[in-house]
Amino acid sequence: SALVPMWTHRSPDGRHVVTIRPALPRVAHEDPEVALVGGVRAWHRLLEGAISAHPEQWVWHHRRWKSPPLAEPVGFSRRLADVPARQATWEVAHTR
């Protein structure tokens, strides 16, 4: 299914502004892992832009920074390029 990027931010006058972008095109590649990583990277570029535009309104609901990690997950990498595609979506969702 298509990924339709959308997010909100509050304007200075207190109103909520909703941004809805066109669906991200699927990355065409014969290797499904390369296609998946390409799609994740495209989404992260948009997400990074949205957060950078209003960083004071960004809320992270994961407890990542509440305490130091006891141990890094198996296969953990701080660089997405070092992660096999099957793990990339898990890592992005659970460690960023």
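In what follows, the structure referred to is the one given above.
Predicted model, so just to flag it, every value in this text is computed and none were measured.

Engineer: Kindly report on the overall build of the chain, identifying the contributing residues and their values.
Structural biologist: In terms of helices and strands, the chain carries 2 helices and 2 strands. When the helices and strands of the chain are placed in sequence order, the string is β-β-α-α. Out of the 96 residues belonging to the chain, those deemed buried represent 19%. Counted over contacts in the chain with a minimum sequence separation of 6, partners at least 24 positions apart contribute 33%. For the chain, the computed accessible surface area is about 7500 Å², with 59% contributed by carbon and sulfur atoms.

Engineer: I'd like a rundown of the environment of P5, residues and numbers included.
Structural biologist: With respect to the element layout, P5 can be found in the segment before strand 1 (6-10). We classify P5 as buried; its relative accessible area is 1%. In this structure the C-alpha to C-alpha distance between P5 and W43, which are 38 residues apart in sequence, comes to 7.6 Å. With residues near it in sequence (within four places) discarded, P5 still touches T19, I20, R21, P22, A23, L24, W43 and L46.

Engineer: Would you mind going over the pairing of strand 2 (residues 16-20) in detail, with residue names and values included?
Structural biologist: The buried fraction of strand 2 amounts to 0 of the 5 residues, a small share that puts the element mostly on the outside. In this structure, strand 1 lies alongside strand 2, joined through 5 bridges in antiparallel fashion. What sits directly across from M6, in strand 2, is I20. Linking strand 1 back to strand 2 in an antiparallel pair, the connection comprises 5 residues, with G14 at a positive phi of about 95 degrees.

Engineer: Any details on the pattern of salt bridges? Residues and values, ideally.
Structural biologist: All chains considered together, the criterion is met by 1 salt bridge. A salt bridge links R15 to D13; its shortest N-O distance comes to 2.9 Å.

Engineer: Quick rundown of the side chain of H9? Include the residues and the values.
Structural biologist: As for its position among the elements, H9 is in strand 1. Within the structure, H9 has its side chain in polar contact with the side chain of H54 (distance 3.4 Å). Residues within four places of H9 in sequence aside, it is in contact with R15, H16, V17, H54 and Q57.

Engineer: Break down the environment of Q57 for me, with residues and values.
Structural biologist: Along the polypeptide, Q57 turns up in the loop between helix 1 (32-53) and helix 2 (85-95). On the accessibility criterion, Q57 (31% relative accessible area) is partly exposed. Considered as a pair, Q57 and R10 are 47 residues apart in the sequence and their alpha carbons are 7.8 Å apart. Setting aside residues up to four positions removed in sequence, Q57 forms contacts with H9 and R10.

Engineer: Explain a nonpolar patch on the surface to me, using residue names and the numbers behind them.
Structural biologist: A cluster of nonpolar side chains, V4, M6, V18 and I20, forms an exposed patch at the surface whose accessible area comes to about 370 Å². Its place among the elements puts V4 in the segment before strand 1.

Rules of the game
- Sequence order as written defines residue numbering, which begins from 1 separately in each chain.
- Thresholds applied to this predicted model are a pLDDT of at least 70 for local features of residues and 80 or more for the giving and counting of side-chain atom pairs; totals over whole chains, interfaces and linings are not thresholded and use all residues.
- Hydrogens are left out, water is left out, and the side-chain values use all remaining heavy atoms of the structure.
- Secondary structure is summarised from DSSP: a helix means a run of H or I of at least four residues, a strand means a run of E of at least two, and numbering begins at the N terminus for each.
- Exposure classes here rest on a 1.4 Å probe applied to the protein chains alone. A residue is buried below 20% of its type maximum, exposed above 50%, and partly exposed in between.
- Every residue pair with non-hydrogen atoms within 4.5 Å of one another is taken to be in contact.
- Exposure was quantified through the Shrake-Rupley algorithm and a 1.4 Å probe, taking into account, for residues, occlusion by the shown protein chains and nothing else.
- Should DSSP find at least two bridges between two strands, the strands are regarded as paired.
- Any Lys or Arg side-chain nitrogen located within 4 Å of an Asp or Glu carboxyl oxygen qualifies as a salt bridge.
- Counting of polar contacts relies on pairs of N or O atoms within 3.5 Å, with two restrictions inside protein: one atom must be capable of donating a hydrogen and the other of accepting it, and residues adjacent in sequence are counted only when both atoms are side-chain atoms.
- Like charges within 9 Å and nonpolar side chains (Val, Leu, Ile, Met, Phe, Trp, Tyr) within 5 Å are joined into patches, using only residues over 30% in relative accessible area that form no salt bridge.

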